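Each chain, letter by letter, is given below.
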Amino acid sequence: MQKFKPYIGLEVHIELSTKSKMFCACSAEHFSKKPNTQVCPVCLGLPGALPYPNERAIEDTIKLGLAFGCKVNGFSKFDRKHYFYPDLPKGYQISQYDLPLCGNGRGGTIRVRRIHLEEDTAKLVHQLGISNFQFPISKEKVTLIDFNRSGVPLAELVTEPDFSSGKEVIDFLKEVQVIVRYLGISNADMEKGSMRLEANVSVATDNKQPTTNNPPDYKVELKNINSFRFVKNAIDYEIERQTKILQKGEIPVQETRGYDENKGTTFSQRTKEEAQDYRYFPEPDIPPIKIIDKNIKRLRDLLPELPNEKRQRFIKDYHLPKDYIEILVASQELAMYFEKAVGISSSSSTSISAKTLADMIVNKKLNEEYSEPAGLVKKIIELTKVEYASDAQTDEAIETVLKENPKAVGDYKKGKGEVIGFLIGMVQKKLQGKGNPKFISEVLLKYMQK
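Owing to the predicted nature of the structure, the values given are computational and were not obtained by experimental measurement.

## As for the overall build of the protein chain
For the protein chain, the helix and strand inventory stands at 13 helices and 16 strands. In terms of overall dimensions, the protein chain is more spread out than a globule: its C-alpha atoms have a radius of gyration of 31 Å, far above the 22 Å expected for 450 residues. Taken along the three principal axes of its C-alpha coordinates, the protein chain extends 100 × 60 × 55 Å. Across the protein chain, every contact between residues at least 6 apart in sequence was considered, and the portion connecting residues at least 24 apart equals 69%. Carbon and sulfur atoms make up 52% of the accessible area of the protein chain, which totals about 24,500 Å².

Put into structure tokens, the structure is as follows:
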């Protein structure tokens, strides 16, 4: 029986959190804004409007590349990518083709082919009817265009086809999201569209023996998926659909498909374009970009401790369970809160273990009650505080135990140090478990050395 192997590559689009758009001064904060209120001749593609690049967006894209170990190209440029669609008023998108800002990186076992920078498109809004204030103009199904998003800087991370399942894709996407948030370059919120995914899926039989460097001759692109759960469902469904076609001895059509969330199936949208269909050529209105080593080093020095580096340090420094570490590291703010709590605890008279602090955050959610780590530490001390027996009571119990156990005292003086544990236990029994172990041990040793 033939076996089939999926080959999946990703194109991850990340809206950068810059104040202005990619090629103009319009505000880039478009979410939930009144339609078409944050636009200018450049956004709308009006004749004669000249674009000028956003330096912050270029630097943020380079940071993302450095976080994935990419090589930063010292010479880069923007290109025009031509296609006709209602959300693209110019008839072309300013993107990057053969000289992206970053390339040849890696995220764990996944190879990152390139990370380039482009402008986002306008947003299509599908609804029933058009209304003018309170009065409906049409009750038919219509598509409206909101140009507020047009021109927002968009970093695109492209992987090699190194994934073989929906789960692997989700694990990688979650890591990308965490890295982007650590870098502070985007909130990467899939529900708000600031992180979007396109997955290229193809399946091959064993006898063809394709490799990740030479995948099958066709690919199906899945577009516009806005949640991790739907990403996994769409990819798993598409693998099953293509496998059934191959089992019939046929080859799946190379096309772009969407995902129907209600039916849990993919559906055909259009035949997949090739690079030559876009008629790429250098953007004549924007000069090429030269990135000197000094600036690359400056940006590299600005990188924070990245999630995987933090995981390794938490294992080494705090000896926490893996599931605790994953929850803490998933949020940079939560990880910082935890470490501040550890620092406060270690400098106080009552030390609390890192595991106890992590448990109170991960399982008890006490950090939600105390915005400051100092408040959390104080509360834990109160919860774990033990009322120890007085010094006088402890002295009396020790003297009694030593009188009742002369053999143990003699054994200790002969070099059998392990009997100290037995004696501490006997003292605790006298004190009904209310003795301070550290104090008991110190006083016992003083008595024994007389």
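Next comes the rest of the description.
## Some remarks on the sheet that holds strand β11 (residues 195-205)
Taken in spatial order, the 9 strands of this open sheet run β2-β6-β7-β10-β1-β11-β12-β13-β14, and their pairing is mixed. Each edge of the sheet is formed by a strand with only one pairing partner; in this case those strands are β2 (71-72) and β14 (265-271). Pairing of β11 with strand β12 (residues 220-225), which is carried by 4 bridges, proceeds in the antiparallel orientation. Residue pairing in the sheet places alanine 199 in a bridge with leucine 222 of β12. Along the sheet face, helix α1 (residues 55-67) touches β1 (4-15), β2, β6 (102-107), β7 (110-119) and β10 (153-159) and points at about 175 degrees away from the line of β7. Packing of helix α2 (residues 166-183) onto the sheet brings it into contact with β1, β6, β7, β10 and β11, and relative to β1 it is tilted by some 20 degrees.

## Some points on the environment of glycine 343
Take glycine 343: it is sitting in helix α7 (residues 332-346). For glycine 343, a relative accessible area of 35% gives the class partly exposed. Remark: the alpha-carbon pair of glycine 343 and serine 164, spanning 179 residues in sequence, is separated by 43 Å.

## As for empty space enclosed by the protein
For the structure shown, the criterion picks out 1 cavity of 30 Å³ or more. When its volume is computed, the largest cavity comes out at roughly 50 Å³. Forming the walls of the largest cavity are Lys21, Phe23, Cys24, Val42, Cys43, Lys90, Glu119, Ser150 and Gly151. Tallied by class, the residues present in the lining of the largest cavity amount to 4 nonpolar, 2 polar and 3 charged.

## Examining the pattern of salt bridges
Tallied over the full model, the rule gives 30 salt bridges. Residues lysine 77 and aspartate 98 are paired through a salt bridge, measuring 2.8 Å at the closest nitrogen-oxygen approach. One end of the pair, lysine 77, is in the loop between β3 (75-76) and β4 (79-82); the other, aspartate 98, is in the loop between β5 (92-95) and β6, with 21 residues separating them in the sequence. Judged by its relative accessible area of 13%, lysine 77 falls in the buried class. By relative accessible area, aspartate 98 is classed as partly exposed at 47%. Across the pair arginine 313 and aspartate 317 runs a salt bridge, and its minimum N-O distance is 3.9 Å. Here arginine 313 pairs with aspartate 317, and both are found in helix α5 (residues 307-318), just 4 residues apart, close to one helical turn.

## A few points about the pairing of β5
A two-sided burial pattern is seen for β5, the buried positions comprising Tyr92 and Ile94 on one face and Gln93 and Ser95 on the other. Pairing of β4 with β5, which is carried by 4 bridges, proceeds in the antiparallel orientation. Following the sheet pairing, arginine 80 is matched in β5 by isoleucine 94.

## A few points about the environment of serine 165
Counting through the fold element by element, serine 165 comes out in the loop between β10 and α2. A relative accessible area of 22% places serine 165 in the partly exposed class. With 188 residues separating them in the primary sequence, serine 165 and serine 353 have C-alpha atoms 39 Å apart. With residues near it in sequence (within four places) discarded, serine 165 still touches Ile8 and Ile235. A polar contact of 3.2 Å, which involves the side chain of serine 165, links it to the backbone nitrogen of glutamate 168.

The rules we used
- Residues numbered from 1 in each chain as written.
- Predicted model: local features only at pLDDT ≥ 70, side-chain atom pairs only at ≥ 80, totals over all residues.
- Heavy atoms only, no water.
- Helix = DSSP H or I, 4+ residues; strand = E, 2+ residues; numbered from the N terminus.
- Rg over C-alpha atoms; globule rule 2.2 N^0.38 Å.
- Contact = heavy atoms within 4.5 Å.
- Areas by Shrake-Rupley, 256 points an atom, 1.4 Å probe, with all protein chains shown as cover.
- Pairing = 2+ DSSP bridges.
- Axes fitted to C-alpha atoms, helices over the stretch in contact; angles between N-to-C directions.
- Buried < 20%, exposed > 50% of the residue type's maximum accessible area, 1.4 Å probe, protein only.
- 1 Å grid on protein atoms, 1.4 Å probe; cavity = no way out; pocket = protein on both sides within 12 Å on 5 of 7 lines; lining within 4 Å.
- Points joined across faces, edges and corners; volume = space filled by probe spheres on them.
- Nonpolar A, V, L, I, M, F, W, Y, C, P; charged D, E, K, R; others polar.
- Salt bridge = Lys/Arg side-chain N within 4 Å of Asp/Glu carboxyl O.
- Polar contact = N/O pair within 3.5 Å; in protein donor to acceptor, adjacent residues only side chain to side chain.

From the geometry alone we can't say anything about function, so treat these as descriptive.
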